[in-house]
Amino acid sequence: EAFDESEPIGLPADIWAVGCVAAECTTAQEPWGAKKATNFMALCKLVCESSEVPELGADCDDQMAQMILSCFARPTQQRPT
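Every value quoted in this text rests on a predicted model; they were computed, and no experiment measured them.

Right, let's talk about the state of the cysteines for a bit. Working definition of a disulfide: a covalent bond connecting the sulfur atoms of two cysteines. Taken as a whole, this structure holds zero disulfides when the rule is applied. Sulfur of C20: no disulfide; nearest cysteine sulfur belongs to C71 and is 8.8 Å away. Classification of C20 by relative accessible area gives buried; the value is 18%.

It is worth spelling out unusual backbone geometry at this point. Positive phi is not limited to glycine here, since A28 has a value of about 60°. If you trace the backbone, A28 turns up in the loop between α1 (11-27) and α2 (40-49).

Inspection of the secondary structure puts R79 in the segment after α3 (62-70). Taking the relative accessible area as the measure of exposure, R79 reaches 5% and is therefore buried. Engagement of the side chain of R79 in a polar contact is seen with the backbone oxygen of P12, the distance being 2.8 Å. There is a polar contact of 2.7 Å between the side chain of R79 and the backbone oxygen of A73.

What counts, and where the lines are drawn
Residues numbered from 1 in each chain as written. Predicted model: local features only at pLDDT ≥ 70, side-chain atom pairs only at ≥ 80, totals over all residues. Heavy atoms only, no water. Disulfide = S-S within 2.5 Å. Buried < 20%, exposed > 50% of the residue type's maximum accessible area, 1.4 Å probe, protein only. Helix = DSSP H or I, 4+ residues; strand = E, 2+ residues; numbered from the N terminus. Polar contact = N/O pair within 3.5 Å; in protein donor to acceptor, adjacent residues only side chain to side chain.

Just geometry here; none of it tells us what the structure is for.
Written out as structure tokens, the structure is:
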């Protein structure tokens, strides 16, 4: 939604960011790092135009994984608050 100017940036974007930080904590790598987008625009396209979510570390339990992945719900109203 940061690239969609029809909607103001607010709490849903912050929740997405929390998911990014939490995902990074489980893998010690940047989210979507395994995809190795070749540039910023390729990464934006991957994140904005797909339903892919970052991979989580193998030690991440089911409850934590569910919480983290819920932060990446594309419809902003479906993200936790």
